[in-house]
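Working through the structure, step by step
Below are the chains, spelled out letter by letter.
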Amino acid sequence: MEKFRELGLSEEVVKTLHSMGIETPSKIQEEAIPYVLEGRDILGSSMTGSGKTLAFASAIIEKIVPDKKVKAIVLTPTRELAEQVSDSIKKFSKGNLKVVSVYGGVNIETQIRRMSGADVIVGTPGRVLDHLKRETLSLKKVEILVLDEFDRMLDMGFSRDVGRIIDECPKKRQTLLFSATISPDVDHLARKYIKNPVEIEVESQVDHKKLEQVYYDVPDSMKFSLLVHLLKEEKSHLVMIFCSTRRNADAVTMNLNRAGIPAKAIHGGLEQNKRMKILEEFHKDNDLKILVCTDVAARGLDIKGVTHVYNYDLPAFSKDYIHRIGRTARAGKEGKAINILASRDYENFSNIVNREEVEVKAMELPYIKKIDMIRPLRKSRGGLSRMGDHSRNRRMPQRSSGRNYHRR
Ligand code: AMP
């Protein structure tokens, strides 16, 4: 608690955090909060789970004086993140501020009524812009603008919408911009909106001592069988299985269910309502313990208690690997990342181990029973056909000799 006081947070906020079990600042909070409270612009690089929400929310809860006008706006790429961030700000401010989340896919009239007298709006760019056009929202009094998961908003094609929304905010304001990665493109665009920012970069929060990373090298045709075997053998609580495409996520989910293992897929192809429902189910203590996801759908979601991350397909970008494994071994808990490698993953895997500071142990392939995987039907020119197994016509390179990959 003392640490939060030293960063400049008020006694009231420190007490609220204490009541929420938040006692010691995370790295991003330690580095950002003093500048945030000074009123500086921030260009922050950090991921979900790093505690970035409190880092930017500290400005909002300490500085905004409620007077029924929107004084702060937070833009997020997805509805789930908007809900998550608005819930956090509500809790941090102990109900002193009226915080309203605003996103598409829900009745706009009801939303307009809920927005009346809001101090803080947390929303997705499309719907926020919609309200600006209808003049049901004014940003003329905004003092603090937060752009959360900025890189993802750009990936999702929100660049122009974000620009238009920012044009509606006063020039004199504090801008806090957070992005999981800051590529040259992100950096270039970000600098249009922030002035002389303090740049803060926080490495992945993964505790490498608590996270075990392993890989199995299997023939393509045995990938699914090994997955089922491991899901049955490993003692897990919550599991996330990552696939490279929606189609693969759907195929893996369907086949797990066929094998009597309850799992749900979460990817961008699902309507947001459905995604929210699945997440709720996953959070509740019931039978659903396995989520099969794509990178885009999973980023930004705060899912606690994930014990196992499976890479069913290895990601093409090494940063995505770091994001994926960062879903487990959080907050001092242990976690395991299991990579299921077939020939098509070799190139991606070697990029990861060459670029990132990871330590991945080779595992002996256990005896596994072959389970045939059925691919979902898809439309082809000639009508419906089964999707070809993506392992077809692929030459198996020489299997690795069980080498451990180390790089520190
Ligand atoms: P975020 O990265 O902001 O999405 O935060 C991830 C989760 O960590 C949220 O559930 C927060 O309530 C929680 N959290 C944030 N800061 C801390 C902290 N300093 N100590 C413990 N938990 C925290």
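Scroll up for the structure.
Below: a short report on this structure.

Some words on the overall build of the protein chain
- Along the protein chain, the regular secondary structure elements total 16 helices and 17 strands.
- Expressed as a percentage of the 408 residues in the protein chain, the buried residues total 53%.
- Contacts in the protein chain between residues far apart in sequence, at least 24 positions, make up 76% of those at least 6 positions apart.
- Per element, the accessible surface of the protein chain, about 19,600 Å² overall, is 47% carbon and sulfur.

Topic: the nonpolar core
- Within the largest apolar cluster, 38 residues are counted, with the highest numbers of intra-cluster contacts made by Ile60, Ile89 and Leu176.
- By residue number, the principal contributor to this core is helix H4 (residues 52-63), which donates seven residues.
- If we skip the residues at most four places from it in the chain, Ile89 touches Ala57, Ile60, Ile61, Val74, Val99, Val120 and Val122.
- With 31 residues, the next largest nonpolar core counts Ile73, Leu129, Met153 and Tyr193 among its residues.

Here's the deal with the pairing of strand E2 (residues 72-75)
- Of the two faces of E2, the one lined by Ala72 and Val74 and the one lined by Ile73 and Leu75 are each fully buried.
- Looking at chain direction, E2 and strand E5 (residues 144-147) are connected through four bridges and run parallel. Within E5, the position partnered with Ile73 by the bridge is Leu145.

Section: the pattern of salt bridges
- Going through the model one piece at a time under the given rule, you end up with 24 salt bridges.
- A salt bridge links Lys71 to Asp67, with the shortest nitrogen-to-oxygen separation between them at 3.5 Å.
- Looking at Asp67, the relative accessible area reads 38%, which means it is partly exposed.
- Taking the shortest distance from any N to any O, the salt bridge between Arg152 and Glu149 comes out at 3.9 Å.
- Given the relative accessible area of 3%, Arg152 is considered buried.

The rules behind each value
Residues numbered from 1 in each chain as written. Predicted model: local features only at pLDDT ≥ 70, side-chain atom pairs only at ≥ 80, totals over all residues. Heavy atoms only, no water. Helix = DSSP H or I, 4+ residues; strand = E, 2+ residues; numbered from the N terminus. Buried < 20%, exposed > 50% of the residue type's maximum accessible area, 1.4 Å probe, protein only. Contact = heavy atoms within 4.5 Å. Areas by Shrake-Rupley, 256 points an atom, 1.4 Å probe, with all protein chains shown as cover. Core = buried A, V, L, I, M, F, W, Y, C linked by side-chain atoms within 4.5 Å. Pairing = 2+ DSSP bridges. Salt bridge = Lys/Arg side-chain N within 4 Å of Asp/Glu carboxyl O.

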